[in-house]
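Understanding the architecture of this molecule
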Amino acid sequence: MGKIPNDCFAAPEEMITTEEAIAQIKHSLCPVTEIETISLDTAVGRILAKDIKAPCSLPPFNNSAVDGYAFKLTGDHQPLQLIGRSAAGSPFGKPIEEGECVKIFTGAIIPDGADTVAMLEDCKLDGELVSPPPNLQINSNIRKAGEDINEGETVLKSGTRLRPMEIARLASLGYATVAVFQKLKVGILSTGDELTEPGKRLAIGQIYDSNRYLLKTLFKKLGAEVIDFGIIKDNPKSLQQTLSTAAKNCHMIISSGGISTGDEDHVKQSVQKLGKLDFWRIAIKPGRPLALGTIDDSVFLGLPGNPVAALVCTVNFGFAIANRLMRGDAGRPVPGVTLPAAFEMEKKAGRREWLRGRYITTQDGITGVKAYHSTGSSLISSLTWANGLIEIPEEITEIKEGMQVRFIPFGELFE
Ligand code: AMP
Ligand code: MG
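Note that the coordinates shown come from a computational prediction; the quantities given were computed from them, not determined experimentally.

Conventions used here
Residues numbered from 1 in each chain as written. Chains lettered and ligands numbered in written order. Predicted model: local features only at pLDDT ≥ 70, side-chain atom pairs only at ≥ 80, totals over all residues. Heavy atoms only, no water. Helix = DSSP H or I, 4+ residues; strand = E, 2+ residues; numbered from the N terminus. Rg over C-alpha atoms; globule rule 2.2 N^0.38 Å. Buried < 20%, exposed > 50% of the residue type's maximum accessible area, 1.4 Å probe, protein only. Areas by Shrake-Rupley, 256 points an atom, 1.4 Å probe, with all protein chains shown as cover. Lys, Arg positive; Asp, Glu negative; His and termini not counted. Charge placed at Lys NZ, Arg CZ, Asp CG, Glu CD. Near = heavy atom within 4 Å. Polar contact = N/O pair within 3.5 Å; in protein donor to acceptor, adjacent residues only side chain to side chain. Nonpolar A, V, L, I, M, F, W, Y, C, P; charged D, E, K, R; others polar. 1 Å grid on protein atoms, 1.4 Å probe; cavity = no way out; pocket = protein on both sides within 12 Å on 5 of 7 lines; lining within 4 Å. Points joined across faces, edges and corners; volume = space filled by probe spheres on them. Domains from an automatic or database assignment. Bend = angle between axes of the 7 residues up to and from the residue. Pairing = 2+ DSSP bridges. Axes fitted to C-alpha atoms, helices over the stretch in contact; angles between N-to-C directions. Contact = heavy atoms within 4.5 Å.

With that out of the way, let us pick up the overall build of the protein. Scanning the protein from terminus to terminus reveals seven helices and 28 strands. Its C-alpha atoms give the protein a radius of gyration of 29 Å, clearly above 22 Å, the size a compact globule of 415 residues would have. Within the span of the protein, comprising 415 residues, buried residues form 47% of the whole. Of the roughly 20,000 Å² that the protein leaves accessible, carbon and sulfur atoms contribute 51%. Averaging the coordinates of the 45 positive side-chain charges in the protein and doing the same for the 50 negative ones gives two points 7 Å apart.

Here it is in structure tokens:
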């Protein structure tokens, strides 16, 4: 398990690009989570901690892909003598000769001597005589031993998030348990005198805290163990108390709001009192300078208060930090897909922008991607409308309808 140096986020002097920020995060941090072995039943969403090699080949034996008749192909097209059956789990058990066949079922062992399976519905049966169709090739309808995986092959790499598909892969190879990284402990808090907990009555001038719910669920979905530190008033004493408790219990602390330099923005001084805090100027929109620091052995990330900016900074930088801490790889950039733009925009050169996007589905399939009609950074409607983010690279200054743009479906952020 690694330790986090407390000057790891020293801010670069210049404005940096997204790529540079992610490279710096990778460079500065190391994995901090221990390894534990858990049952396959509880492993979905967890991060594999060791490479997995196949202890056996799959399938382990040549077997039939269909229900039918297994025989040796000779090309003489004579009817075959039916001499027995091979079912999945109940093999025929003996070799067969030329001119003979066995009735076979999907998944059953191909008897020695047979090299071809004819589908049941393609054969003519006359008593104990079977006539297969004339056009079969050798190996037809046979699944070869090892065609899925060969013994000794590396099938899954350390750092892989276990989806239902990887769980099935592990089960198929006989693994009942799996070594995964312990969950990263992520502490989440909101700051702001205007924030009220959902379920309570709103006083004048108040709004409900939505960021904490956004962040808690984002990080749970990423595979972290979330510790909720609630809403903290804009008051240095409560902030310091909460941050210092969080640092004792978490690998990573995330706050939203209170990070600008206004009178009511106390996060900066509080973190600086307890540890280190730097402001990275990253050429992005939406987003402000990103506050990155350390308190003891914990990484601190201060997000903007506006929900859209909080989301964009989280999925691009917060996830890079969390992934690096919990599995070694920052997991960024995500590939996304390229789709024709169904919108137009102008933008400044030199910064990367993310728009809330939604792909358009017609009878012909997915035909393009729309951008939300407003770029307001406080609009949660834009997030519920969107099913992903459109990423516009630094050098682009104009998008015209039909131009290819990069779209990152929200689901891909959790790979
Ligand atoms: P701040 O960064 O604290 O100046 O906040 C910027 C904007 O985001 C303000 O309109 C805040 O009311 C709003 N905001 C801050 N924190 C939250 C939160 N947890 N949930 C929803 N909105 C928030
Ligand atoms: Mg505030």
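This part takes up the site of ligand 1. Within the structure, ligand 1 sits among 13 residues, and Glu194, Asp209, Ser210, Gly258 and Gly305 are positioned closest to it. Serine 190 is positioned such that a nitrogen or oxygen atom in its side chain is 3.5 Å from a nitrogen atom of ligand 1. A distance of 3.3 Å separates an oxygen atom of ligand 1 from a polar atom in the backbone of asparagine 306. Here ligand 1 loses 77% of its free accessible area of 490 Å² to cover by the protein chains. Residues of the shell around ligand 1, tallied by class, amount to three nonpolar, eight polar and two charged.

What follows deals with the layout of surface pockets. Each pocket or cavity is described by its volume, and for the largest pocket that value is around 370 Å³. For the largest pocket, the lining is made up of 24 residues, of which Lys285, Glu353, Leu355, Arg356 and Thr375 are closest to its centre. Breaking the lining of the largest pocket down by element, the ones donating at least two residues are β23 (345-346) and β24 (352-362). It is β24 that provides the largest number of residues to the lining of the largest pocket, a total of four residues. Of the residues in the lining of the largest pocket, the class split is nine nonpolar, seven polar and eight charged. Mapped onto the domain boundaries, the lining of the largest pocket takes at least three residues apiece from domain 1 (18-33 + 190-327) and domain 4 (337-413).

On to helix α6 (residues 307-327), then. The largest bend along α6 measures about 45 degrees and falls at threonine 314. Of all 21 residues in α6, 21 are buried, a share of seventy percent or more. Trailing α6 by a residue or two, glycine 328 shows a phi angle of about 90 degrees, which is positive.

Attention now moves to the sheet that holds strand β17 (residues 252-256). Strand order in the open sheet formed by six strands is β16-β13-β17-β21-β20-β18, with mixed pairing between adjacent strands. Whereas interior strands pair on both sides, the edge strands pair on one side only; in this sheet they are β16 (225-232) and β18 (276-280). Across the sheet, the mean angle separating the axes of adjacent strands is 20 degrees when strand polarity is ignored. Sheet topology places strand β20 (residues 290-295) next to strand β21 (residues 298-303); five bridges connect them, and they run antiparallel. Bridge pairing in β21 places isoleucine 295 opposite serine 298. Against the sheet, helix α4 (residues 236-249) makes contact with β13 (185-191), β16, β17, β20 and β21, and its axis sits at roughly 175 degrees relative to β16, the strand it touches most.

Just distances and angles here, no functional claims.
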